[in-house]
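Breakdown of the fold
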There are 2 protein chains.
Amino acid sequence: MTKVIPMRERILDATAELLVEHGTQASMSKIASRAEVATGSLYNHFESKDVLIRAVYERLAEQVTALLVEGDDPSATPEQRLDRYIDNYIDFIWNDPSRAILFEYLSNVPLLPARDLIQSFRGSSDYIAEILQDLRASGWLMDAEPFLMGGFIGGAIRNTLKWQRTYDRPLTDADRQQIKTMCLQSLRRME
Amino acid sequence: MTKVIPMRERILDATAELLVEHGTQASMSKIASRAEVATGSLYNHFESKDVLIRAVYERLAEQVTALLVEGDDPSATPEQRLDRYIDNYIDFIWNDPSRAILFEYLSNVPLLPARDLIQSFRGSSDYIAEILQDLRASGWLMDAEPFLMGGFIGGAIRNTLKWQRTYDRPLTDADRQQIKTMCLQSLRRME
DNA sequence: GTGACAACTGAATGAAGGTTCATTCACTGA
DNA sequence: TCAGTGAATGAACCTTCATTCAGTTGTCAC
């Protein structure tokens, strides 16, 4: 039953959907009817459209951070932790296409300055930076800024899967393995 | 002197600027005044706002394709050609930040379906796919879809440089070399 | 039941934005 | 010199939209 979902959540869900369909041009009245709520009610929960959109992004950022860290075992080897991180990243992008599109869109909208956005992901970027730091200490990793490497594999995964999605291609186990291998190789120290 | 730039170009330039600043919410009247042109004149050159924005993207796609292929020598080895492609890609993203932001934004705006967008880049994606095909034949490359690999390094470069830009970090020669190495390693066949 | 309080509703409002079109005017060719 | 042309103009039009608020509904205490 729909009614058990709290109104605030319903509003955020509807906004997320309409942002994917129409971008920030999505009107408040359309958001309201998608959420099966009166337009005025939007303002009981969010001060303005701007605040509402930011809230969507913040909720998304929390979900993403949680997903990327999911199943992590801090006592595992850095290799294993990196491996799981990459798997989680692929799942995050692939399992929910409209979430991935929303993420990509909001990350590039002028309304939300890039500076603020990256700030929302401090959690997950610090997390991967730490793992990479450990790997570097063990000599496994190439000698580069963890910061730079984190951006590299994240962008690589997102864009590869975006193309795959856009062309309605499946993601086979072989494809997934391929992507993982490419990520790992790119970071590896070579003689 | 400003006046020698044809009106159509002035309009496209102004639109590009305002898209970066305000996204598709940029109003036609603001575009007109930025271009030092009457609002009505916009409609002498472009049927609608929608068409205008598409035209901006198309012009951008042409510029990008030209830049990526720039300086290519078809008789060079595939390794050299790939090397140059990566250099060109880095230059394209780094040399003109607002162009890079515009590119990233328009690539993710719901107004322009992803399908159409990738279509606009057929030229450059076929180009890199061809080079990768050659490299694969020579055994240098790993055994993966050129399509997948093209998406991988493109996304990787764009995202790495986006973070770098967002944090006002410079792009040193060492950074550039690092990124190149990561791209090449990710594609390399390993024992 | 009744009163008090909060949450919700959706029509009303005024501002803003995309598009149109009657008019202007620099230029052309006769 | 002058009629003809069509690009350029920008005020006006109409729609859409974010936001407001007076009224309604639901809830809980007593």
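Residues numbered from 1 in each chain as written. Chains lettered and ligands numbered in written order. Predicted model: local features only at pLDDT ≥ 70, side-chain atom pairs only at ≥ 80, totals over all residues. Heavy atoms only, no water.

Let us look at the domain arrangement of chain A. For an interface, size is often stated in terms of accessible area lost upon the parts coming together. Residue and element names in this part refer to chain A. Parsing chain A into structural domains produces domain 1 (1-46) and domain 2 (60-187). Measuring from the centre of the C-alpha atoms in domain 1 to the corresponding centre in domain 2 gives 29 Å. Taken together, the 5 residues of domain 1 in the interface contact 7 residues of domain 2. Each partner contributes to the roughly 430 Å² buried at the junction of domain 1 and domain 2, and carbon and sulfur atoms together form 86% of this total. On the domain 1 side of the contact with domain 2, Leu 19, Val 20 and Thr 24 bury the most area, a combined 82% of that side's loss. Counting across the domain 1 and domain 2 interface gives 0 salt bridges. For the interface between domain 1 and domain 2, the tally reads 1 residue pair in polar contact (both at pLDDT 80 or more). (Domains from an automatic or database assignment. Contact = heavy atoms within 4.5 Å. Buried area = accessible area lost by both parts, 1.4 Å probe. Salt bridge = Lys/Arg side-chain N within 4 Å of Asp/Glu carboxyl O. Polar contact = N/O pair within 3.5 Å; in protein donor to acceptor, adjacent residues only side chain to side chain.)

Residues and elements named next belong to chain A. Its 21 residues place the ends of helix α4 (residues 49-69) 31 Å apart at the C-alpha level, agreeing with the 30 Å of an ideal helix rising 1.5 Å per residue. For α4, the complete set of buried residues consists of Leu 52, Ile 53, Ala 55, Val 56, Tyr 57, Arg 59, Leu 60, Ala 61, Val 64, Thr 65 and Leu 68. The inward-facing, buried residues of α4 abut α1 (7-22), α2 (28-34), α5 (78-95), α6 (97-106), α7 (114-120) and α8 (122-137). Two residues or fewer after α4 comes Gly 71, characterised by a positive phi angle close to 75 degrees. (Helix = DSSP H or I, 4+ residues; strand = E, 2+ residues; numbered from the N terminus. Expected span 1.5 Å × (residues − 1). Buried < 20%, exposed > 50% of the residue type's maximum accessible area, 1.4 Å probe, protein only.)

Counting across every chain of the model gives 17 aromatic pairs over all chains. Taken together through their ring pairs, the aromatic side chains of Tyr 57, Tyr 85, Tyr 89, Phe 92, Phe 103, Phe 121 and Tyr 127 of chain A make up a single cluster. The ring of Phe 147 of chain B has Arg 169 of chain A sitting right over it, with the charged end atom 4.0 Å from the ring centre. (Phe/Tyr/Trp six-rings, centres within 6.5 Å; stacked < 30°, edge-to-face > 60°. Lys NZ or Arg CZ within 6 Å of the ring centre and 35° of its normal.)

Moving on, we get to the relation of the copies chain B and chain A. Turning chain B through 180 degrees and shifting it by 0.0 Å along the axis lays it on chain A, with an RMSD of 0.1 Å. Accordingly, the operation relating the two chain copies is best matched by a two-fold axis. (Least-squares fit on C-alpha atoms with pLDDT ≥ 70 in both.)

Take the protein's contact with DNA strand C next. Residues in contact with DNA strand C amount to 15 residues; listed here are only the nearest, Gly 40 and Ser 41 of chain A together with Met 28, Tyr 43 and Lys 49 of chain B. Put simply, 64% of the atoms of DNA strand C that lie within 4 Å of the protein are in sugar or phosphate. Measuring from a base nitrogen of DNA strand C, one finds a side-chain N or O atom of Thr 39 of chain A at 3.2 Å. Contact distances for DNA strand C include 2.7 Å between a phosphate oxygen and a side-chain N or O atom of Tyr 43 of chain B. Mapped by element, the contributors of at least two residues to the surface near DNA strand C are α3 (39-45) of chain A together with α3 (39-45) of chain B. With 5 residues, the top contributor of residues to the surface near DNA strand C is α3 of chain A. Looking at the surface near DNA strand C, its residues break down into 6 nonpolar, 8 polar and 1 charged. (Near = heavy atom within 4 Å. Nonpolar A, V, L, I, M, F, W, Y, C, P; charged D, E, K, R; others polar.)

Here we come to the interface of chain B and chain A. With 53 residues of chain B in contact, the opposing surface of chain A contributes 53 residues. Carbon and sulfur atoms make up 62% of the surface buried where chain B meets chain A, a total of about 4600 Å² over both sides. Summed over the three residues of chain B that lose the most area to chain A, namely Phe 147, Phe 152 and Met 182 of chain B, the buried surface amounts to 16% of that side. Our count for the contact surface shared by chain B and chain A stands at 4 salt bridges. One salt bridge in this structure joins Asp 168 of chain A and Arg 115 of chain B, with 3.6 Å as the shortest N-O distance.

Quick look at the packing of α1 of chain A against α4 of chain A now. All names here are of chain A. The interhelical angle for the contact between α1 and α4, taken along N-to-C directions, is 95 degrees, at an axis separation of 10 Å. With respect to α4, the axis of α1 lies roughly perpendicular. For the pair α1 and α4, contact is made by Glu 9, Ile 11, Leu 12, Asp 13, Thr 15, Ala 16 and Leu 19 and by Leu 52, Ile 53, Ala 55, Val 56 and Arg 59, respectively. Of the residues in the contact of α1 with α4, the class split is 8 nonpolar, 1 polar and 3 charged. (Axes fitted to C-alpha atoms, helices over the stretch in contact; angles between N-to-C directions. Parallel < 35°, antiparallel > 145°, perpendicular 65-115°, else oblique.)

Take empty space enclosed by the protein next. What the rule picks out here adds up to 2 cavities of 30 Å³ or more. Of the pockets and cavities examined, the largest cavity occupies roughly 440 Å³. In terms of lining residues, the largest cavity is bounded by 32 residues, among which Tyr 89, Phe 103 and Arg 158 of chain A together with Asn 159 and Trp 163 of chain B are the most central. When contributions to the lining of the largest cavity are tallied by element, the ones reaching two or more residues are α4, α5, α6, α7, α8 and α9 (146-166) of chain A together with α6 (97-106) and α9 (146-166) of chain B. With 6 residues, the single largest contributor to the lining of the largest cavity is α9 of chain A. Split by residue class, the lining of the largest cavity holds 14 nonpolar, 12 polar and 6 charged. (1 Å grid on protein atoms, 1.4 Å probe; cavity = no way out; pocket = protein on both sides within 12 Å on 5 of 7 lines; lining within 4 Å. Points joined across faces, edges and corners; volume = space filled by probe spheres on them.)

Here the focus is the protein's contact with DNA strand D. Around DNA strand D, the surrounding shell holds 15 residues, and the nearest of these are Met 28, Tyr 43 and Lys 49 of chain A together with Gly 40 and Ser 41 of chain B. The sugar and phosphate moieties of DNA strand D supply 64% of its atoms located within 4 Å of the protein. In the model, a base nitrogen of DNA strand D is placed 3.1 Å from a nitrogen or oxygen of the Gly 40 of chain B main chain. His 45 of chain B places a polar side-chain atom, nitrogen or oxygen, 3.1 Å from a phosphate oxygen of DNA strand D. Mapped by element, the contributors of at least two residues to the surface near DNA strand D are α3 of chain A together with α3 of chain B. If you tally residues by element for the surface near DNA strand D, the top one is α3 of chain B, at 5 residues. The residue makeup of the surface near DNA strand D, split by class, is 6 nonpolar, 8 polar and 1 charged.

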